[in-house]
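Chain residues, written in single-letter form:
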Amino acid sequence: MATTTTSPSSSLTVLQSFDVFGADLDDHNERRERLIKASRDITNLSKKVIFLLHRLARGRADSKVDERTSYKQAAQQGYEKLREIQDLYAKLQPELESERFWRYQRQVSPGLQEYIEALSFAHYLDHGSLITFDEVQKTLMTPEGVEYFPLTLSDYLLGLSDLTGELMRFAISGIANKGGRKRATEVCAFVRRCKSDFEGMTPYIRELRKKQSVTTQSLEKIEDDDGALTEPSASGFFSTPAAYAIVVRSSEYDLPPEILEDIVAQSVSNYNSYSHETRGRRRDGLTGSDDEDEAM
Amino acid sequence: MESSELERINYLLDRDVDIREKIKEQVNELDKKTRVMVGLLNKIHSTPADAMPILIDSVRPILLSCRDVTTTLARIIPENQFWRWKDMWSNSIRTAVFAAILIEYLSSRTLLSIAQSAEILGITADWSDRMALPAEDYLHALISLVNELSRLAVNAVTLGNFEEPIKISLFVKELFAGFSVLNLKNDALRRRFDSLKYDIKKIEEVVYDVSLRKLAEVPSPKSVESSIG
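Remember, predicted model here, so these are calculated numbers, not experimental data. Numbering of residues starts from 1 in each chain and follows the order in which that chain's sequence is written. Going through the entries in the order they are written, you letter the chains from A and number the ligands from 1. Per-residue local features of the predicted model are confined to residues with pLDDT of at least 70, and side-chain atom pairs are confined, for both listing and counting, to 80 or more; whole-chain, interface and lining totals are unaffected and use all residues.

### Quick word on the overall build of chain B
A count of helices and strands for chain B gives nine helices and zero strands. Numbering goes from the N terminus for both helices and strands, where a helix is a DSSP run of H or I of at least four residues and a strand is a run of E of at least two. The linear arrangement of helices and strands in chain B, starting from the amino end, is α-α-α-α-α-α-α-α-α. Overall size of chain B, expressed as C-alpha extent along the three principal axes, is 80 × 40 × 30 Å. Taken over 229 residues, chain B has a buried fraction of 33%. By the convention adopted here, residues are in contact when the distance between their C-beta atoms, placed from the backbone, does not exceed 7 Å. Long-range pairs, those at least 24 residues apart, make up 75% of the contacts in chain B between residues at least 6 apart in sequence. Our exposure labels follow a C-beta count within 10 Å of each residue's own C-beta, placed from the backbone: buried means 20 or more other C-beta atoms, exposed means 12 or fewer, and partly exposed covers the counts in between.

Laid out in C-alpha cells, this is it:
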C-alpha cells in the first residue's frame, strides 16, 4: 500500500482498531462492575456470619453444654453460612481466570478480606488457633482441587489482622459469663501473639501497618483498662473490665472463682447503668454550656 | 502462627520484594532509553523536512533496544502476574510506544497499530500472562502523539513547511473520531482524551492561517474523495 496521507485502508483500520478497543474496554468495565458488586455482596454476607458467630458464642455460654462444644457448634453453623460465599466465588472463577485475577485483584480484595475474617473467626472458635494460608485457599477451590483464584498473602494477612478486632469484642462481651475471665486472658495472649507475628511483615504490606495499630488498640482494651470499673471512659461498654483489672480486683478477694464471677457480673451490670447515667449527664453539661454561649 | 507457616510467609514476602527490585532495575533501564528518545524526538520541532529521516533513523536503534528490557521483564514476572506488576512500568512503556508511533507517523504518515507497536518493543503474544501491551497504554501513547503533533503543526509552519499542519489535521481528526467510539470511564485516559479538543483547536487554527493566506492547498471534501477513488 502506498504511504500517502490517510489512505482509505488506514482510515478503515484506525476505526476498526478502535472498535476492537471499544469492545475490550466495555468488556473490562462490565467485568469490573460485576466483581465490585460481587465483592460487596460477599462483604455483607461475611459480616452476617461474624454477627452470627458472636451471637452464638454469647448465647451458648449460658447453656448447660460445656464451652468447647458450644463454640465448636457455633463454628459449624458459621462454616455452613460461609458455604454461600464459597459458592459465589465458585461462580466468579471464569471471571478471574489465569492473568485476569491480578487485573481485578483490587476489586476482589475487600470482600475476600472480610470473608477471611469471618472464616478465621469460625476457625478460632473451632480450634482456638489461627487458620493457615493453605487452609484458607482450600476453602476456595473445587472438590478436584482447582483454585477459584490464587489467594494472595496480603489478603490473607489483612483478613487475619481484622480478626483481632472481632476477638477483642468476643472476649469483652463474654467477660461476665462463667469462665469469661479465663477466656479473655486466653484471647489476649492469642491476639498478642498474632500482633507480634504480623509485626515483621508490616514493611511488605502497605495496609498492614494501619491495621496493626488498630490491633494495638484492641489489645489495650483487653489488656490494661484497669480504670474502667471505677472511671468509665467515653468508649463505653467495650472498655469495661479487662484482664488487668480482673487480676488486680481478684487479689482483693480471697474467694472461690465462682463467687468472684458473680461479683464481676454484678459490677459489669452496675457499670453499664452507671456509664449510661454519666454519659447522659455529660451531654446535659454540654448543652448547658451551649446555652451559656447563646446567652452571651 | 506456627513457626513453619511464619517462615513460609516470610519467604514468600521476600520473594515478592526480590521480584519488585528486579523489575525496578529494568524500569530504570527503560526510563534511560525513553529519556534519550524523547530528547532526540524533541528536535523534530526544529528539523526541516529533508533532515527528518536522519533524525528518525538515529532514534530507531534505541527504540529497538527496548526489546532487551521487555524480554527480561517477561522472564522476571511469574506466570499470570502481568497485571500485578504492570503499574511499575506503565509510564515508561507508554513513552516508548509514543516514540514508536511518532517515528512511524513521521516516516510513513500511517498509524502504527497496537500489534505493530508490541512487535517493535519485542512483546510477543505467548507472554500475554507476563508481559503484554494493554490497549490502555497504547491509547495513552496515542494521546501523547496528538499532543506532540499539535506542537509540530505550529513549528513546521515556522520552518516553512506549510503542508505539514494539513496532513496532521487529517490524521488527528481520524484519531479523534476513533477515540469518540470508546466508552471511557472517568479515569486518567478520559481526562486526557477530553484535553484533545484543545490540541485539535490549535491545529485547526494553524490550518486556517495557512489556507487563508493560500500558503498551502487544503483538500476540499471533494478532492479527498477523488484521492480515495
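### Re the overall build of chain A
Scanning chain A for helices and strands turns up 10 helices and zero strands. Secondary structure elements of chain A, listed N to C terminal, follow the sequence α-α-α-α-α-α-α-α-α-α. Of the contacts formed within chain A by residues at least 6 apart in sequence, a portion of 67% connects residues at least 24 apart.

### What about the packing of helix H4 (residues 105-127) of chain A against helix H6 (residues 153-173) of chain A?
All names here are of chain A. Two elements in contact, H4 and H6, have axes whose closest approach is 8 Å; the angle formed by their N-to-C orientations is 55°. Compared by their axis directions, H4 and H6 come out oblique. Seen along the crossing, H4 lies across H6 with a hand that is right-handed. Counted together, Ser 109, Leu 112, Gln 113, Ile 116, Glu 117, Ser 120, Phe 121 and Tyr 124 of H4 and Asp 155, Tyr 156, Leu 158, Gly 159, Leu 160, Asp 162, Leu 163, Glu 166 and Leu 167 of H6 form the full contact between these two elements. Note on residue classes: Ala, Val, Leu, Ile, Met, Phe, Trp, Tyr, Cys and Pro are nonpolar, Asp, Glu, Lys and Arg are charged, and everything else, Gly too, is polar. Of the residues in the contact of H4 with H6, the class split is nine nonpolar, four polar and four charged. Fitted lines through C-alpha atoms serve as axes, helices being fitted only where they are in contact, and the angles separating the N-to-C directions of these axes extend from 0 to 180 degrees. An angle below 35 degrees is treated as roughly parallel, one above 145 as roughly antiparallel, one from 65 to 115 as roughly perpendicular, and anything else as oblique. Crossing chirality is assigned from the near helix's rotation relative to the far helix, an anticlockwise turn below a right angle marking it left-handed and a clockwise turn marking it right-handed.

### Some words on the domain arrangement of chain B
Residues and elements named next belong to chain B. For chain B, the assigned domains read domain 1 (1-132) and domain 2 (134-217). Every contact between the two is made by 16 residues of domain 1 and, on the other side, 17 residues of domain 2. At the level of secondary structure, the elements contributing two or more residues to the side of domain 1 that touches domain 2 comprise helix H4 (90-108) and helix H5 (114-120). Looking at the side of domain 1 that touches domain 2 element by element, the count peaks at eight residues for H4. The split into domains, and so the bounds of each, comes from an automatic or database assignment of domains.

### Concerning the interface of chain B and chain A
In many reports, interface size means the accessible area that the parts give up when they come together. In this assembly, 35 residues from chain B lie in contact with 32 residues from chain A. Mapped onto the side of chain B that touches chain A, the elements with two or more residues apiece are helix H1 (3-41), helix H3 (82-85), helix H6 (135-158) and helix H7 (164-180) of chain B. Along the lines of polarity and charge, the residues of the side of chain B that touches chain A split into 19 nonpolar, nine polar and seven charged.

### Concerning the nonpolar core
By size, the foremost hydrophobic cluster in this structure holds 109 residues, and its most contacted members are Leu125(A), Ala171(A), Ala99(B), Ile101(B) and Leu142(B). Beyond its immediate stretch of four places on either side in the chain, Leu142(B) contacts Ile101(B) and Leu175(B). Residues enter a nonpolar core if they are buried, belong to Ala, Val, Leu, Ile, Met, Phe, Trp, Tyr or Cys, and are joined to the set through C-beta atoms within 7 Å.

### With respect to H1(B)
The span expected for a helix works out to 1.5 Å for each residue beyond the first. An ideal rise of 1.5 Å per residue puts 57 Å on 39 residues; H1(B) measures up with 56 Å between its terminal C-alpha atoms. When we look at burial in H1(B), the residues that qualify are Ile9(B), Gln26(B), Leu30(B), Thr34(B), Met37(B) and Leu41(B). Looking at the buried residues of H1(B), the elements they touch are helix H5 (133-139) and H6 of chain A together with helix H2 (52-76) and H4 of chain B.

### Regarding the confidence of the model for chain B
Residues and elements named next belong to chain B. Of the residues in chain B, 96% have a pLDDT of 70 or more, and the chain-wide mean is 91. pLDDT is defined as a per-residue confidence score from the predictor, taking values between 0 and 100. Within chain B, the lowest mean pLDDT, 48, falls on helix H9 (residues 221-228), and the highest, 96, falls on H4. Residue range residues 223-229 is modelled with pLDDT below 50. Its contacts to residues more than four positions away, or to other chains, number two contacts. For this predicted complex, the interface score ipTM comes out at 0.85, while the overall pTM is 0.80.

### With respect to the packing of H4(B) against H6(B)
Helix-helix packing is characterised by the crossing angle of the two axes and by the distance between the axes. All names here are of chain B. Contact pair H4 / H6: the axes reach a minimum separation of 8 Å and the direction vectors enclose 55°. Viewed along their axes, H4 and H6 adopt a mutual orientation that is oblique. At the point where H4 passes H6, the crossing takes the right-handed sense. Across the interface between the two elements, Ser 90, Ile 93, Arg 94, Val 97, Phe 98, Ile 101, Leu 102 and Tyr 105 from H4 touch Asp 137, Tyr 138, His 140, Ala 141, Leu 142, Ser 144, Leu 145 and Glu 148 from H6.

### Digging into H7(B)
Relative to the 24 Å expected for 17 residues at 1.5 Å per residue, H7(B) spans 24 Å between its end C-alpha atoms, a close match to the ideal helical length. For H7(B), the full list of buried residues reads Glu164(B), Pro165(B), Ile166(B), Lys167(B), Ile168(B), Ser169(B), Phe171(B), Val172(B), Leu175(B), Gly178(B) and Phe179(B).

### Here we look at the confidence of the model for chain A
All names here are of chain A. The predicted model of chain A averages 77 in pLDDT, with 68% of residues at 70 or higher. When pLDDT is averaged over each helix and strand of chain A, the minimum, 50, is found for helix H10 (residues 257-295) and the maximum, 95, for H4. Predicted confidence is poor over residues 1-11, with pLDDT under 50, and the contacts of this stretch with residues over four places away or in other chains come to 17 contacts. In the model, residues 225-241 has pLDDT below 50 throughout and makes 34 contacts with residues more than four positions away in sequence or in other chains.

### Notes on the environment of Gln76(A)
As for its placement among the helices and strands, Gln76(A) is situated in helix H2 (residues 67-92). C-alpha separation for the pair Gln76(A) and His123(A), spaced 47 residues apart in sequence, amounts to 9.2 Å.

### Quick notes on the environment of Ser107(B)
All names here are of chain B. Inspection of the secondary structure assignment puts Ser 107 in helix H4. Assessed through the 14 C-beta atoms surrounding it within 10 Å, Ser 107 is described here as partly exposed. Ser 107 sits 51 residues away from Ile 56 along the chain, and the two C-alpha atoms are 7.8 Å apart. Beyond its immediate sequence surroundings of up to four residues, Ser 107 is in contact with Pro 53 and Ile 56.

### Section: unusual backbone geometry
Despite not being glycine, Ser98(A) has its phi angle at roughly 35°, a positive value. A positive phi angle, close to 65°, is found at Asn80(B), a residue other than glycine. Mapped onto the secondary structure, Asn80(B) falls in the loop between H2 and H3.

### Describing the environment of Leu40(B)
All names here are of chain B. Here Leu 40 is to be found in helix H1. Given 15 C-beta atoms within a 10 Å radius, Leu 40 is considered partly exposed. Excluding anything up to four places from it in sequence, Leu 40 contacts Leu 55, Ser 58 and Val 59.

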